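# Inside the fold
What follows is each chain in one-letter form.
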Amino acid sequence: LRKYGLGSCGPPGFYGTVDVHLELERDIADFLGTESAILYSQGFITISSVIPAFCKRGDVIVADRAVNFAIQKGIQISRSTVRWYDHNDLKSLEDVLVSVEKDRRKRGAPVTRRFIITEGIFERDGEIVDLPKLIELKHKYKYRLILDESISFGSVGRTGRGLTELYNVPASQVDMLIGSVANGLCSAGGFCAGSTIVTEHQVRLLPASWLTSGYVLQQISFFAD
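As the structure is a computational prediction, the values presented were derived from the model and not from experiment. (Residues numbered from 1 in each chain as written. Predicted model: local features only at pLDDT ≥ 70, side-chain atom pairs only at ≥ 80, totals over all residues. Heavy atoms only, no water.)

### Remarks on helix α3 (residues 69–78)
- Looking only at α3, the buried set comprises A70, I71, G74, I75 and S78. Buried residues in α3, looked at end-on, bunch into an arc of 135 degrees, giving them a common side. Seen from the buried face of α3, the exposed residues on the opposite side, beyond 90 degrees, are F69 and Q76.
- Of the surrounding elements, those touching the buried residues of α3 are α2 (43–54), β2 (60–64), β3 (81–85), β4 (114–119) and β5 (144–148).
- Immediately beyond the C-terminal end of α3, within one or two residues, lies R79, with a positive phi of roughly 60 degrees. (Buried < 20%, exposed > 50% of the residue type's maximum accessible area, 1.4 Å probe, protein only. Helix = DSSP H or I, 4+ residues; strand = E, 2+ residues; numbered from the N terminus. Arc of directions from axis to C-beta. Contact = heavy atoms within 4.5 Å.)

Here it is as structure tokens:
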């Protein structure tokens, strides 16, 4: 409290960024095996901010019907074209991916940005997604993958790294990996991990990130150690 006060109280591009933010982001990225990570002040706003940061009107989102409310709000805000597939049914997912491409060709529409959005462990019923198969479909049909690991980060995998560790899949195969600091590290906030390009885009676009108190950051660092 003597060093950082009660909170940063500002966006990252102004005076909201301090050394412990950057240190924790590096620690999370190193822990997960990604190039970079970015912090958010509250778990709910993490995924609901990440989605509209990358998905815009005219883009295509293919999402599980049972995704949590935060994901639903992010999809709604994005104003993208949304197609739903049956809950945790990757055969249904592939059918929808095929249907999307057939429809695009039929209309002669240009290729747009396309995203698959799902959860690692579903908040609704605790089911676990088949990540290797999901990665296979992502590459086959040329989609980006946004994976919400708010439940699975800290709870599965030999050292709590989540589904990528559980299935021995490199974290770099997931374009945007979302985690909860509240669930996984017993504190507050969330993060998005991925490539440096992915996180830098959010730094420029999203002033809501990085509004976390110095006390909470020290608490997070203690658990991360």
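### A word on the pattern of salt bridges
- Under the criterion given, the structure shown has 11 salt bridges.
- A salt bridge links K140 to E94, with the shortest nitrogen-to-oxygen separation between them at 3.0 Å. With K140 in helix α5 (residues 131–141) and E94 in helix α4 (residues 90–107), this pair connects stretches of sequence that are 46 residues apart.
- On the basis of relative accessibility, which here comes to 16%, the residue E94 falls in the buried class.
- In this structure, a network of salt bridges that share partners links the residues E101, R104, R105 and R114. (Salt bridge = Lys/Arg side-chain N within 4 Å of Asp/Glu carboxyl O.)

### Some details on the nonpolar core
- Core analysis: the biggest nonpolar cluster contains 37 residues, and V62, L93, L131 and F191 have the highest contact counts within it.
- Elements with a contribution of two residues or more to this core: α1 (19–32), β1 (36–40), β2, α4, α5, β5, α7 (181–185) and β7 (190–194).
- Each residue touching V62, except ones within four places of it in the same chain, is listed here: R83, Y85, L93, V96, L97, V100, F115, I116, I117 and Y143.
- Counting 21 residues, the second largest nonpolar core, distinct from the first, contains A70, I75, M176 and C192. (Core = buried A, V, L, I, M, F, W, Y, C linked by side-chain atoms within 4.5 Å.)

### Examining the pairing of β2
- Of all the 5 residues making up β2, 5 are buried; the element is thus mostly covered by neighbouring parts of the structure.
- Here β2 shows two buried faces, one formed by V60, V62 and D64 and the other by I61 and A63.
- For β2 and β3, the ladder comprises 5 bridges, and the chain directions are parallel. Looking at β3, one finds that D64 is bridged to Y85.
- Assessed by its sense of winding, the connection that carries the chain from β2 through α3 to β3 is right-handed.
- With 4 bridges joining them, β2 and β4 adopt parallel strand pairing. In the sheet register, V62 faces β4, and the bridge partner there is I116. (Pairing = 2+ DSSP bridges. Right-handed = clockwise from strand over helix to strand, strands pointing away.)

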